[in-house]
Amino acid sequence: METIQREQTEVLNPYEIVKRQIDTAAAKLQLPEHVTELLKRPKRVLSVSFPVRMDDGSVRIFEGYRSQHNDAVGPTKGGIRFHPDVTIDEVKALSMWMTFKCGVVGLPYGGGKGGVIVDPRTLSKGELERLSRAFMEAIADIVGPERDIPAPDVYTTPQIMGWMMDTFSRLRGHNSPGVITGKPIIIGGSQGRNAATAQGCVYAIQSALEDIKLPIEKAKVAVQGFGNAGRIAARLLTDLGATVVAVSDSRGGVYDANGLDLDRVEQLKDEATILDYGASYHISNEQLLELDVDILIPAALENVITQENAPRVKARIIAEAANGPTTPEADAILNKNGTIVIPDILANAGGVTVSYFEWVQNLMNYYWSEEEVLEKLQVNMVKSYNAVRDLAKEYGTDLRTAAYMISLQRVTEAMRARGWV
(Lines give C-alpha, C1' and ligand atoms only; values in the text may rest on other atoms or scores of the structure.)
Protein backbone atom coordinates (compact mmCIF):
# COMPACT_ATOMS: atom_id res chain seq x y z
CA MET A 1 0.00 0.00 0.00
CA GLU A 2 1.31 3.41 -0.96
CA THR A 3 1.98 6.16 1.56
CA ILE A 4 -0.18 9.18 0.88
CA GLN A 5 0.94 12.57 2.11
CA ARG A 6 -2.12 14.07 3.81
CA GLU A 7 -2.48 17.73 4.61
CA GLN A 8 -4.27 17.67 7.93
CA THR A 9 -3.91 20.01 10.86
CA GLU A 10 -4.73 17.25 13.31
CA VAL A 11 -3.53 13.66 13.14
CA LEU A 12 -6.37 11.34 14.10
CA ASN A 13 -5.39 8.62 16.57
CA PRO A 14 -6.29 5.22 15.09
CA TYR A 15 -6.43 3.62 18.54
CA GLU A 16 -9.16 6.04 19.62
CA ILE A 17 -11.03 5.40 16.35
CA VAL A 18 -11.09 1.61 16.73
CA LYS A 19 -12.30 1.91 20.33
CA ARG A 20 -15.22 4.03 19.13
CA GLN A 21 -16.01 1.47 16.44
CA ILE A 22 -16.05 -1.28 19.07
CA ASP A 23 -18.37 0.79 21.29
CA THR A 24 -20.83 1.25 18.42
CA ALA A 25 -21.03 -2.46 17.57
CA ALA A 26 -21.00 -3.56 21.22
CA ALA A 27 -23.97 -1.30 21.97
CA LYS A 28 -25.94 -2.94 19.15
CA LEU A 29 -25.16 -6.36 20.63
CA GLN A 30 -25.76 -5.17 24.20
CA LEU A 31 -22.48 -6.66 25.38
CA PRO A 32 -21.62 -6.30 29.08
CA GLU A 33 -19.34 -3.35 29.85
CA HIS A 34 -16.47 -5.54 31.10
CA VAL A 35 -16.49 -7.51 27.83
CA THR A 36 -16.40 -4.32 25.80
CA GLU A 37 -13.57 -2.90 27.91
CA LEU A 38 -11.53 -6.09 27.50
CA LEU A 39 -11.98 -5.94 23.71
CA LYS A 40 -10.76 -2.32 23.70
CA ARG A 41 -7.35 -3.28 25.11
CA PRO A 42 -4.60 -5.41 23.56
CA LYS A 43 -3.63 -8.41 25.67
CA ARG A 44 0.08 -7.76 25.18
CA VAL A 45 2.19 -5.00 23.63
CA LEU A 46 5.95 -5.45 23.35
CA SER A 47 8.19 -2.43 22.83
CA VAL A 48 11.76 -3.19 21.74
CA SER A 49 14.98 -1.32 21.00
CA PHE A 50 17.71 -3.08 19.07
CA PRO A 51 21.06 -2.25 17.44
CA VAL A 52 21.85 -2.64 13.74
CA ARG A 53 25.32 -2.23 12.26
CA MET A 54 25.24 0.00 9.21
CA ASP A 55 27.38 -0.36 6.09
CA ASP A 56 29.76 2.41 7.23
CA GLY A 57 30.51 0.54 10.47
CA SER A 58 28.34 2.73 12.70
CA VAL A 59 25.60 1.30 14.91
CA ARG A 60 22.04 2.66 14.87
CA ILE A 61 19.43 1.91 17.51
CA PHE A 62 15.95 1.23 16.15
CA GLU A 63 12.61 1.06 17.96
CA GLY A 64 9.80 -1.34 17.20
CA TYR A 65 6.57 -2.78 18.55
CA ARG A 66 4.49 -5.97 18.44
CA SER A 67 0.89 -5.86 19.66
CA GLN A 68 -1.20 -8.99 20.32
CA HIS A 69 -4.82 -8.01 20.77
CA ASN A 70 -6.82 -11.13 21.61
CA ASP A 71 -6.07 -14.84 21.28
CA ALA A 72 -9.37 -16.31 22.47
CA VAL A 73 -10.19 -17.77 19.03
CA GLY A 74 -6.61 -18.77 18.16
CA PRO A 75 -3.04 -17.48 17.73
CA THR A 76 -2.66 -13.83 16.83
CA LYS A 77 -1.96 -12.87 13.24
CA GLY A 78 -0.94 -9.67 11.48
CA GLY A 79 1.64 -7.78 9.50
CA ILE A 80 4.89 -6.01 10.27
CA ARG A 81 5.36 -2.56 8.74
CA PHE A 82 8.58 -0.59 8.30
CA HIS A 83 7.65 3.09 8.25
CA PRO A 84 9.05 6.31 9.75
CA ASP A 85 5.66 7.25 11.23
CA VAL A 86 4.99 4.00 13.13
CA THR A 87 3.58 4.67 16.62
CA ILE A 88 2.57 2.36 19.43
CA ASP A 89 -1.06 3.50 19.21
CA GLU A 90 -1.10 2.77 15.47
CA VAL A 91 0.24 -0.74 16.05
CA LYS A 92 -2.28 -1.36 18.84
CA ALA A 93 -5.16 -0.19 16.66
CA LEU A 94 -4.03 -2.28 13.70
CA SER A 95 -3.78 -5.39 15.89
CA MET A 96 -7.37 -4.80 17.02
CA TRP A 97 -8.55 -4.35 13.44
CA MET A 98 -6.83 -7.64 12.64
CA THR A 99 -8.85 -9.43 15.33
CA PHE A 100 -12.06 -8.19 13.77
CA LYS A 101 -10.83 -8.80 10.23
CA CYS A 102 -10.10 -12.43 11.08
CA GLY A 103 -13.43 -12.70 12.86
CA VAL A 104 -15.57 -11.37 10.03
CA VAL A 105 -14.18 -13.93 7.57
CA GLY A 106 -14.21 -16.77 10.11
CA LEU A 107 -10.48 -17.43 10.53
CA PRO A 108 -9.23 -19.19 13.72
CA TYR A 109 -7.02 -16.22 14.64
CA GLY A 110 -6.89 -13.19 16.85
CA GLY A 111 -5.19 -9.99 15.78
CA GLY A 112 -1.56 -8.98 15.92
CA LYS A 113 0.51 -6.21 14.38
CA GLY A 114 4.10 -5.03 14.42
CA GLY A 115 6.13 -2.10 13.24
CA VAL A 116 9.59 -0.61 13.19
CA ILE A 117 10.22 3.14 13.07
CA VAL A 118 12.36 3.35 9.94
CA ASP A 119 12.29 4.51 6.35
CA PRO A 120 13.52 1.34 4.63
CA ARG A 121 14.06 3.24 1.38
CA THR A 122 17.11 4.85 2.99
CA LEU A 123 18.74 1.48 3.77
CA SER A 124 20.94 -0.72 1.61
CA LYS A 125 19.87 -4.32 1.06
CA GLY A 126 22.42 -5.49 3.62
CA GLU A 127 21.22 -2.97 6.21
CA LEU A 128 17.60 -3.96 5.55
CA GLU A 129 18.43 -7.64 6.06
CA ARG A 130 20.27 -6.95 9.33
CA LEU A 131 17.36 -4.79 10.53
CA SER A 132 14.81 -7.48 9.65
CA ARG A 133 16.75 -10.24 11.39
CA ALA A 134 17.41 -8.08 14.46
CA PHE A 135 13.73 -7.21 14.85
CA MET A 136 12.74 -10.87 14.64
CA GLU A 137 15.33 -11.71 17.29
CA ALA A 138 13.85 -8.97 19.49
CA ILE A 139 10.28 -10.32 19.27
CA ALA A 140 11.07 -14.04 18.92
CA ASP A 141 10.01 -14.89 22.48
CA ILE A 142 6.38 -13.96 21.80
CA VAL A 143 5.88 -15.23 18.23
CA GLY A 144 5.62 -18.69 16.70
CA PRO A 145 3.28 -20.89 14.63
CA GLU A 146 1.03 -21.54 17.64
CA ARG A 147 1.40 -18.10 19.24
CA ASP A 148 1.64 -15.17 16.82
CA ILE A 149 2.22 -15.26 13.06
CA PRO A 150 3.53 -12.07 11.38
CA ALA A 151 3.21 -11.19 7.68
CA PRO A 152 4.17 -8.38 5.27
CA ASP A 153 2.66 -4.92 5.52
CA VAL A 154 3.67 -1.39 4.48
CA TYR A 155 7.21 -1.40 3.02
CA THR A 156 7.88 -5.02 3.93
CA THR A 157 8.24 -7.76 1.33
CA PRO A 158 8.34 -11.54 0.85
CA GLN A 159 12.15 -11.34 1.01
CA ILE A 160 11.99 -9.62 4.39
CA MET A 161 9.60 -12.34 5.58
CA GLY A 162 12.09 -14.94 4.33
CA TRP A 163 14.89 -13.40 6.38
CA MET A 164 12.67 -13.27 9.47
CA MET A 165 11.52 -16.88 9.06
CA ASP A 166 15.14 -18.00 8.67
CA THR A 167 16.17 -16.10 11.80
CA PHE A 168 13.36 -17.63 13.86
CA SER A 169 14.17 -21.10 12.53
CA ARG A 170 17.83 -20.69 13.52
CA LEU A 171 16.85 -19.56 17.01
CA ARG A 172 14.60 -22.63 17.42
CA GLY A 173 17.07 -25.04 15.85
CA HIS A 174 14.68 -26.40 13.22
CA ASN A 175 12.84 -25.24 10.11
CA SER A 176 9.70 -23.35 11.10
CA PRO A 177 7.97 -21.97 7.99
CA GLY A 178 4.65 -21.55 9.81
CA VAL A 179 6.01 -18.73 11.98
CA ILE A 180 5.41 -16.17 9.24
CA THR A 181 3.34 -15.82 6.08
CA GLY A 182 3.84 -13.91 2.86
CA LYS A 183 7.14 -15.72 2.28
CA PRO A 184 8.72 -16.54 -1.10
CA ILE A 185 7.03 -19.63 -2.52
CA ILE A 186 10.26 -21.66 -2.54
CA ILE A 187 10.43 -21.57 1.28
CA GLY A 188 6.76 -22.22 2.04
CA GLY A 189 4.87 -19.28 0.59
CA SER A 190 1.43 -19.80 -0.91
CA GLN A 191 0.37 -19.50 -4.52
CA GLY A 192 -1.93 -16.50 -4.93
CA ARG A 193 -0.64 -14.64 -1.86
CA ASN A 194 0.78 -11.59 -3.66
CA ALA A 195 -2.56 -10.69 -5.24
CA ALA A 196 -4.74 -11.92 -2.37
CA THR A 197 -5.62 -8.57 -0.76
CA ALA A 198 -6.62 -7.05 -4.09
CA GLN A 199 -8.38 -10.21 -5.28
CA GLY A 200 -10.43 -10.46 -2.09
CA CYS A 201 -11.35 -6.78 -2.42
CA VAL A 202 -12.51 -7.35 -6.00
CA TYR A 203 -14.67 -10.31 -4.93
CA ALA A 204 -16.35 -8.06 -2.35
CA ILE A 205 -16.81 -5.28 -4.92
CA GLN A 206 -18.46 -7.72 -7.34
CA SER A 207 -20.91 -8.72 -4.61
CA ALA A 208 -21.73 -5.06 -3.88
CA LEU A 209 -22.22 -4.35 -7.59
CA GLU A 210 -24.72 -7.20 -7.73
CA ASP A 211 -26.61 -5.62 -4.82
CA ILE A 212 -27.01 -2.31 -6.67
CA LYS A 213 -27.54 -4.11 -9.99
CA LEU A 214 -24.69 -2.30 -11.74
CA PRO A 215 -22.86 -4.37 -14.39
CA ILE A 216 -19.12 -4.21 -13.82
CA GLU A 217 -18.65 -3.26 -17.48
CA LYS A 218 -20.41 0.05 -16.73
CA ALA A 219 -18.48 0.84 -13.55
CA LYS A 220 -15.96 3.69 -13.31
CA VAL A 221 -13.18 3.24 -10.75
CA ALA A 222 -10.72 5.50 -8.89
CA VAL A 223 -7.85 4.02 -6.89
CA GLN A 224 -5.95 6.05 -4.29
CA GLY A 225 -2.64 4.31 -3.63
CA PHE A 226 -1.02 2.53 -6.57
CA GLY A 227 1.01 0.09 -4.48
CA ASN A 228 0.52 -3.66 -4.32
CA ALA A 229 -3.17 -3.79 -3.39
CA GLY A 230 -4.31 -0.76 -5.38
CA ARG A 231 -2.36 -1.59 -8.49
CA ILE A 232 -3.50 -5.21 -8.64
CA ALA A 233 -7.11 -4.27 -7.89
CA ALA A 234 -7.03 -1.78 -10.77
CA ARG A 235 -5.71 -4.46 -13.11
CA LEU A 236 -8.21 -7.10 -11.98
CA LEU A 237 -11.15 -4.71 -12.37
CA THR A 238 -9.93 -3.62 -15.79
CA ASP A 239 -9.69 -7.25 -16.88
CA LEU A 240 -13.30 -7.73 -15.74
CA GLY A 241 -14.44 -4.83 -17.92
CA ALA A 242 -14.52 -1.89 -15.50
CA THR A 243 -13.04 1.48 -16.51
CA VAL A 244 -10.27 2.81 -14.27
CA VAL A 245 -10.37 6.61 -14.62
CA ALA A 246 -7.93 7.67 -11.88
CA VAL A 247 -5.01 6.31 -9.87
CA SER A 248 -2.53 7.97 -7.52
CA ASP A 249 0.54 7.34 -5.42
CA SER A 250 2.44 9.40 -2.86
CA ARG A 251 3.47 11.97 -5.50
CA GLY A 252 -0.02 12.60 -6.87
CA GLY A 253 -2.33 11.09 -9.42
CA VAL A 254 -3.60 11.02 -12.99
CA TYR A 255 -7.19 11.20 -14.22
CA ASP A 256 -8.91 10.64 -17.55
CA ALA A 257 -12.72 10.60 -17.53
CA ASN A 258 -12.65 8.32 -20.58
CA GLY A 259 -10.41 5.75 -18.88
CA LEU A 260 -6.67 5.53 -18.32
CA ASP A 261 -4.32 3.41 -20.40
CA LEU A 262 -3.49 1.13 -17.48
CA ASP A 263 -0.65 -0.60 -19.32
CA ARG A 264 1.06 2.76 -19.74
CA VAL A 265 0.40 3.78 -16.13
CA GLU A 266 1.97 0.53 -14.88
CA GLN A 267 4.99 1.01 -17.13
CA LEU A 268 5.48 4.58 -15.91
CA LYS A 269 5.15 3.45 -12.30
CA ASP A 270 7.91 0.87 -12.83
CA GLU A 271 10.24 3.16 -14.79
CA ALA A 272 9.79 6.58 -13.20
CA THR A 273 6.53 8.14 -12.02
CA ILE A 274 2.89 7.91 -13.06
CA LEU A 275 2.92 11.72 -13.30
CA ASP A 276 4.79 11.33 -16.59
CA TYR A 277 1.41 10.29 -18.04
CA GLY A 278 1.01 13.98 -18.86
CA ALA A 279 0.58 17.26 -17.00
CA SER A 280 -2.94 17.75 -18.34
CA TYR A 281 -4.01 14.57 -16.55
CA HIS A 282 -2.60 15.49 -13.13
CA ILE A 283 -4.85 15.33 -10.08
CA SER A 284 -4.15 15.51 -6.35
CA ASN A 285 -4.86 12.70 -3.92
CA GLU A 286 -7.52 14.86 -2.31
CA GLN A 287 -9.24 15.54 -5.64
CA LEU A 288 -9.23 11.84 -6.53
CA LEU A 289 -11.39 11.02 -3.51
CA GLU A 290 -14.12 13.36 -4.74
CA LEU A 291 -14.39 12.19 -8.37
CA ASP A 292 -17.75 11.19 -9.85
CA VAL A 293 -17.11 7.43 -10.00
CA ASP A 294 -18.99 4.27 -9.13
CA ILE A 295 -16.19 2.62 -7.14
CA LEU A 296 -13.58 4.34 -4.97
CA ILE A 297 -10.74 2.20 -3.60
CA PRO A 298 -8.68 3.88 -0.85
CA ALA A 299 -5.54 1.72 -0.85
CA ALA A 300 -3.25 4.01 1.13
CA LEU A 301 -2.95 4.71 4.85
CA GLU A 302 -5.42 5.79 7.53
CA ASN A 303 -7.82 8.72 7.77
CA VAL A 304 -7.96 9.98 4.18
CA ILE A 305 -11.78 10.25 4.09
CA THR A 306 -12.74 12.69 6.82
CA GLN A 307 -15.64 14.79 8.07
CA GLU A 308 -14.31 17.61 5.90
CA ASN A 309 -14.27 15.83 2.52
CA ALA A 310 -16.92 13.11 3.00
CA PRO A 311 -19.82 15.35 1.88
CA ARG A 312 -18.07 15.71 -1.50
CA VAL A 313 -17.42 11.98 -2.04
CA LYS A 314 -19.59 10.87 -4.97
CA ALA A 315 -18.68 7.18 -5.28
CA ARG A 316 -21.55 4.71 -4.91
CA ILE A 317 -19.25 2.04 -3.46
CA ILE A 318 -16.14 2.59 -1.33
CA ALA A 319 -14.00 -0.53 -0.93
CA GLU A 320 -11.40 0.01 1.77
CA ALA A 321 -8.30 -1.81 0.56
CA ALA A 322 -6.33 0.18 3.15
CA ASN A 323 -6.66 -0.11 6.93
CA GLY A 324 -8.74 2.63 8.53
CA PRO A 325 -9.06 5.08 5.62
CA THR A 326 -12.41 6.46 6.82
CA THR A 327 -12.96 8.29 10.11
CA PRO A 328 -16.10 7.66 12.21
CA GLU A 329 -17.39 11.17 11.44
CA ALA A 330 -16.96 10.53 7.72
CA ASP A 331 -18.70 7.16 8.09
CA ALA A 332 -21.82 8.84 9.45
CA ILE A 333 -21.92 11.25 6.52
CA LEU A 334 -21.36 8.53 3.91
CA ASN A 335 -24.03 6.28 5.43
CA LYS A 336 -26.53 9.16 5.47
CA ASN A 337 -25.77 9.78 1.79
CA GLY A 338 -26.42 6.12 0.92
CA THR A 339 -22.83 5.25 0.05
CA ILE A 340 -21.99 1.55 0.37
CA VAL A 341 -18.79 1.38 2.40
CA ILE A 342 -17.23 -2.09 2.31
CA PRO A 343 -15.20 -1.78 5.53
CA ASP A 344 -11.51 -2.51 5.70
CA ILE A 345 -11.93 -5.52 7.97
CA LEU A 346 -13.93 -7.15 5.18
CA ALA A 347 -12.68 -5.50 1.97
CA ASN A 348 -8.99 -6.21 2.55
CA ALA A 349 -9.39 -9.52 4.38
CA GLY A 350 -8.24 -11.45 1.30
CA GLY A 351 -4.64 -11.03 2.38
CA VAL A 352 -5.06 -12.55 5.82
CA THR A 353 -7.34 -15.26 4.39
CA VAL A 354 -4.64 -16.48 2.02
CA SER A 355 -2.09 -16.03 4.81
CA TYR A 356 -4.23 -18.48 6.76
CA PHE A 357 -4.15 -20.82 3.76
CA GLU A 358 -0.35 -20.48 3.70
CA TRP A 359 -0.09 -21.28 7.42
CA VAL A 360 -2.33 -24.34 6.98
CA GLN A 361 -0.19 -25.53 4.05
CA ASN A 362 2.98 -25.03 6.14
CA LEU A 363 1.58 -27.11 8.99
CA MET A 364 0.48 -29.87 6.60
CA ASN A 365 3.57 -29.58 4.37
CA TYR A 366 1.11 -30.00 1.50
CA TYR A 367 0.61 -27.19 -1.00
CA TRP A 368 -2.29 -26.08 -3.22
CA SER A 369 -2.39 -24.68 -6.75
CA GLU A 370 -3.22 -21.01 -7.34
CA GLU A 371 -6.56 -22.06 -8.78
CA GLU A 372 -7.44 -23.90 -5.55
CA VAL A 373 -6.34 -20.95 -3.42
CA LEU A 374 -8.40 -18.40 -5.37
CA GLU A 375 -11.45 -20.67 -5.44
CA LYS A 376 -11.34 -21.03 -1.65
CA LEU A 377 -10.78 -17.27 -1.29
CA GLN A 378 -13.77 -16.40 -3.46
CA VAL A 379 -16.09 -18.73 -1.56
CA ASN A 380 -15.02 -17.23 1.78
CA MET A 381 -15.16 -13.58 0.68
CA VAL A 382 -18.60 -13.87 -0.94
CA LYS A 383 -20.01 -15.78 2.03
CA SER A 384 -18.59 -13.21 4.45
CA TYR A 385 -19.88 -10.23 2.44
CA ASN A 386 -23.36 -11.75 2.29
CA ALA A 387 -23.37 -12.41 6.04
CA VAL A 388 -22.37 -8.81 6.78
CA ARG A 389 -24.95 -7.38 4.35
CA ASP A 390 -27.74 -9.55 5.77
CA LEU A 391 -26.93 -8.61 9.37
CA ALA A 392 -26.80 -4.92 8.41
CA LYS A 393 -30.29 -5.21 6.95
CA GLU A 394 -31.55 -7.09 10.01
CA TYR A 395 -30.32 -4.43 12.44
CA GLY A 396 -30.83 -1.43 10.14
CA THR A 397 -27.19 -0.47 10.35
CA ASP A 398 -24.20 0.02 8.05
CA LEU A 399 -21.81 -2.65 6.78
CA ARG A 400 -18.96 -1.60 9.08
CA THR A 401 -21.03 -1.90 12.23
CA ALA A 402 -22.45 -5.23 11.03
CA ALA A 403 -18.94 -6.54 10.30
CA TYR A 404 -17.83 -5.58 13.81
CA MET A 405 -20.93 -7.19 15.29
CA ILE A 406 -20.13 -10.51 13.61
CA SER A 407 -16.54 -10.37 14.84
CA LEU A 408 -17.42 -9.23 18.36
CA GLN A 409 -19.96 -12.03 18.67
CA ARG A 410 -17.36 -14.59 17.64
CA VAL A 411 -14.61 -13.34 19.94
CA THR A 412 -17.00 -12.93 22.87
CA GLU A 413 -18.30 -16.48 22.41
CA ALA A 414 -14.70 -17.78 22.47
CA MET A 415 -13.86 -15.77 25.60
CA ARG A 416 -16.95 -17.11 27.34
CA ALA A 417 -16.12 -20.69 26.31
CA ARG A 418 -12.67 -20.24 27.85
CA GLY A 419 -14.15 -18.75 31.02
CA TRP A 420 -12.50 -15.37 30.60
CA VAL A 421 -15.74 -13.37 30.89
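The protein chain is annotated in an unreviewed UniProt entry as Glutamate dehydrogenase of Paenibacillus alvei. Looking at the Sequence similarities (unreviewed entry) heading of the UniProt record, one finds this comment for the protein chain: "Belongs to the Glu/Leu/Phe/Val dehydrogenases family."

Peer 1: Quick rundown of the packing of helix α6 (residues 196-211) against helix α13 (residues 370-395)? Include the residues and the values.
Peer 2: Describing two packed helices takes the angle between their axes plus the distance from one axis to the other. Running from amino to carboxyl end, α6 crosses α13 at an angle of 45 degrees, the nearest separation of the two axes being 9 Å. In terms of axis orientation, α6 runs oblique to α13. The two elements α6 and α13 meet at a crossing, and its hand is right-handed. Along the contact surface, α6 presents Ala-196, Gln-199, Gly-200, Tyr-203, Ala-204, Ser-207, Ala-208 and Asp-211, while α13 presents Leu-374, Leu-377, Gln-378, Met-381, Val-382, Tyr-385 and Arg-389. Partitioning the contact of α6 with α13 into residue classes produces nine nonpolar, four polar and two charged.

Peer 1: Provide a residue-level description of the environment of Val-304, including the pertinent values.
Peer 2: Mapped onto the elements, Val-304 comes out in the loop between β10 (295-298) and β11 (317-319). Spatially, the C-alpha atoms of Val-304 and Thr-397 are 23 Å apart, while their sequence positions differ by 93 residues.

Peer 1: I'd like a rundown of helix α14 (residues 399-418), residues and numbers included.
Peer 2: For α14, which comprises 20 residues, the first-to-last C-alpha distance of 29 Å matches the rise-based estimate of 28 Å (1.5 Å per residue) to within 8%. Counting buried positions along α14 gives 14 out of 20 residues, so the element sits mostly inside the fold. The N-terminus of α14 is capped by Asp-398, whose side-chain oxygen sits 3.1 Å from the backbone nitrogen of Arg-400. Immediately downstream of α14, the backbone of Gly-419 shows phi near 85 degrees, a positive value.

Peer 1: Please give an account of the pattern of salt bridges that cites residues and values.
Peer 2: Under the defined criterion, the tally for this structure stands at 30 salt bridges. Ionic pairing is found between Arg-400 and Asp-331, a salt bridge with its closest N-O pair at 2.4 Å. Here Arg-400, found in helix α14, pairs with Asp-331, found in helix α10 (residues 328-336); they are 69 residues apart in sequence, far enough to count as distant. Across the pair, exposure class does not vary: Arg-400 and Asp-331 are buried alike. With a shortest N-O distance of 3.6 Å, Arg-400 and Asp-344 are connected by a salt bridge. Highlighted residues: Arg-400 in helix α14 and Asp-344 in helix α11 (residues 344-347), separated in sequence by 56 residues. Exposure class is identical for Arg-400 and Asp-344. Each is buried. Within this structure, Arg-231, Arg-235, Asp-239, Asp-263, Glu-266 and Asp-270 form a network of salt bridges that share partners.

Conventions used here
Residues numbered from 1 in each chain as written. Predicted model: local features only at pLDDT ≥ 70, side-chain atom pairs only at ≥ 80, totals over all residues. Heavy atoms only, no water. UniProt positions renumbered as here; feature names shortened; annotations may be inferred. Axes fitted to C-alpha atoms, helices over the stretch in contact; angles between N-to-C directions. Helix = DSSP H or I, 4+ residues; strand = E, 2+ residues; numbered from the N terminus. Parallel < 35°, antiparallel > 145°, perpendicular 65-115°, else oblique. Left-handed = near helix turned anticlockwise from the far one by under 90°. Contact = heavy atoms within 4.5 Å. Nonpolar A, V, L, I, M, F, W, Y, C, P; charged D, E, K, R; others polar. Expected span 1.5 Å × (residues − 1). Buried < 20%, exposed > 50% of the residue type's maximum accessible area, 1.4 Å probe, protein only. Polar contact = N/O pair within 3.5 Å; in protein donor to acceptor, adjacent residues only side chain to side chain. Salt bridge = Lys/Arg side-chain N within 4 Å of Asp/Glu carboxyl O.

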